[in-house]
Each structure stands twice: as C-alpha cells, then as structure tokens.
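Residue-level listing of the chains:
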Amino acid sequence: MVIFKPKTFGFVIKHSVPKAAKFALEVADWLEKRKCKVIVADESKGFLAKRPNAKTLPKEQLPTSCDMVIVFGGDGTFLSIARQMIWKSVPILGINLGRLGFLTEVKVEETFETLEAVLKGKYQVQERAMLEACVKRGGKELFCLPVLNDVVITKSAIARVIDFQLSVNGVNVAKLKADGLIASTPTGSTAYSLAAGGPILHPKVTATIITMICPHSLNVRPLVIPDDALIEVELVEKDGDIMLTLDGQFGYGLERGDKISITKYKRHSVMVVQSPKRDYFELLRTKLFLGARGE
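Residues numbered from 1 in each chain as written. Predicted model: local features only at pLDDT ≥ 70, side-chain atom pairs only at ≥ 80, totals over all residues. Heavy atoms only, no water.

So, the overall build of the protein chain
Phase 1: In terms of regular secondary structure, the protein chain is built from 7 helices and 19 strands.
Phase 2: Relative to the 2.2 N^0.38 estimate, which gives 19 Å for 295 residues, the radius of gyration of the protein chain is 20 Å and therefore close to what a compact globule would have.
Phase 3: With the C-alpha coordinates of the protein chain rotated into their principal frame, the extents come out at 60 × 50 × 35 Å.
Phase 4: For the protein chain, the residues scored as buried account for 51% of the 295 residues in total. (Helix = DSSP H or I, 4+ residues; strand = E, 2+ residues; numbered from the N terminus. Rg over C-alpha atoms; globule rule 2.2 N^0.38 Å. Buried < 20%, exposed > 50% of the residue type's maximum accessible area, 1.4 Å probe, protein only.)

So, in structure tokens, the structure goes:
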C-alpha cells in the first residue's frame, strides 16, 4: 500500500451529535492553517450553520474529489461513506464521536497527533474487503450494491420463518428455515453476525461468514467460506414482509422467488487509517471485553 501525503480532506459528520460538528470546525481550521483544503458533505447542517461558505459536495462525490475522508461520528457514520467507495477508494480516518467505535477508532484527544502523522505520510492503512449484493427478480437484475459490514435478509415482526435455498459456487448447501440470514465480511464479524452467534474474524482474513438468524433447527451452524465464493440465496416461501438490508442502512423489500447473490466486491477495498495507539485485539478487549472475567 503506497502511503501519500493528502492535501484535500472530505468531512462526513454525524448529524445527531452537536459536538461532532463543533469538533469538525476545529479540525477544519487546523488543516486550513496547514494549507490543506476541506470539502464537507452537504448534509452536515450543524457544520454549515457555523461556516455557510464552506465548500460542499454530496457525500457520494467525496471519494472522487478528496485524498482522504475524515469521519466525525460512530461506526454507522463510517459505513455511510464506506458504501460510497464505488468507483474510487480513498483512505478513511474515523474519529470516534459515537458509541462503540470499531471503525472510528481514533479518539478525539488523539486527532491532531494522528493528523500530524498523516500530513507527513507517516501513517498505516489497512485494507478491508467489501461484499457486493445483487438482487434478481424474474431473471432481471434490480440492483448491485457494495457493503462493508454485512448483507442481511430478515423477516418483519409479523412474518413467519423464512424458507431459503442456499448455494455456494453453484453447489447446493441446504434448504433452510430461519428468521433470517447474514453474510458478513471479517470487518462485519463483530456486528450483527456476532450477535447471532457467528465467529470473530480478523480483518485480514480472506473469508466470508454465513450466519443464520434463529434457525429452525438444532444442527445449523455458521459457515466460513472463501471470500471470492459466490453465495446465492433464493426466497422459496414468503409469508409476511421480508427485507434485504445492507450495512443496516439500505433496505429493500423482497418477494417470493427473488434471488440474492453475494460475493466479494472486486473493484477495490475500503482503506481504513489505523490508530497508532492501538491494535485490533485491544479493540476486542476494550469494546467487547474479550477475556474479561466477572468477580
């Protein structure tokens, strides 16, 4: 991975946290004093109220207009820009102003020290694989979209269990009954998949996890398969509303007979600027209390 010295920074700011906009203003001033350019996602109302003449762009245009994107928020805010890395991927620096902070791993008090290193080109970037989910209905492709965390097929509150036909690389795996199915990247292994009983994978592992949600069986377990494998799910029966959700942010209603294909996004990866203060296992210890023992 070639490390370069960015000069143009895109800002994505969590709407519901006033301190995120306030801190973003401080960072913008700091960068501009160092001859850097700042472009703000045009949805960032809190920031723009204080600096109405700031250069803005729609969030989806930031990756093609900036050298690096800085996220002021939590993991959800990070995911919202990561999914926009469709045509071009630029490094994303996440500053944790949310709750969990698996992706936005830089603390507020570490921000300026980290940015000093970034401007000198002395920083590390970790590549994170994405998945691509495609939906076909009646043989016609409706859409294909990338995700960083997970692809989820799940029922509404009033639906019965869902009947799936699951195959991998064209080979039948099983016909399954469950409340849903999760296909997760290693990055997303600590999200919904973990809550549903899936394993934790290190971000550098080249694999995809398939986790069933509340399977109607005692002998169904999560599957870990190569990340370039083609996962195909057909919705055999439909009783009630069934939703496809990407990264917990984009939802689409499914119908009986719909076919969902999931495989590795082949254009590029998401590049995450790593905190110089901690490693992945420290994140597991501090965020998920790995190894903690109750007294």
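What follows picks up the thread again.
With respect to the pattern of salt bridges
Phase 1: Counted under the stated rule, the structure contains 9 salt bridges.
Phase 2: Residue R51 pairs with E32 through a salt bridge whose shortest N-O separation is 3.1 Å. Of this pair, R51 sits in the loop between α2 (45-50) and β3 (56-57) while E32 sits in helix α1 (residues 18-33), and the two are 19 residues apart along the sequence.
Phase 3: A relative accessible area of 36% means that E32 is categorised as partly exposed.
Phase 4: A network of salt bridges, in which partner residues are shared, links D29, E32 and R51. (Salt bridge = Lys/Arg side-chain N within 4 Å of Asp/Glu carboxyl O.)

So, the sheet that holds strand β17 (residues 250-254)
Phase 1: Overall, antiparallel pairing links the 6 strands, which are arranged β14-β13-β12-β9-β16-β17 in an open sheet. What marks the edges here is a single partner per strand, and that holds for β14 (223-226) and β17. Strand-to-strand twist of the sheet, defined as the mean angle between neighbouring strand axes without regard to direction, takes the value 20°.
Phase 2: For strand β12 (residues 180-184) and strand β13 (residues 207-213), the ladder comprises 5 bridges, and the chain directions are antiparallel. When the sheet's bridge partners are listed, L181 is paired in β13 with M212. (Pairing = 2+ DSSP bridges. Axes fitted to C-alpha atoms, helices over the stretch in contact; angles between N-to-C directions.)

What to know about the pairing of strand β10 (residues 162-168)
Phase 1: For β10, a buried count of 6 out of 7 residues is recorded, marking the element as mostly surrounded by other parts of the structure.
Phase 2: Relative to strand β11 (residues 171-178), β10 runs antiparallel, the two sharing 7 bridges. Within the sheet, the bridge partner assigned to V168 lies in β11 and is V171.
Phase 3: Counting the residues that bridge the hairpin from β10 to β11 gives 2 residues, and of these N169 lies at a positive phi of roughly 55°.
Phase 4: Of the strand pairs in this sheet, β10 and strand β15 (residues 231-237) are connected by 6 bridges, and their pairing is antiparallel. Considered in β15, the bridge of V168 is made with I231.

Overview of the side chain of S189
Phase 1: Relative to the helices and strands, S189 is located in the loop between β12 and α6 (192-195).
Phase 2: Those residues in contact with S189 that lie beyond four places of it in its chain are S184, L194, P199, I200, L201, I209 and Y280. (Contact = heavy atoms within 4.5 Å.)

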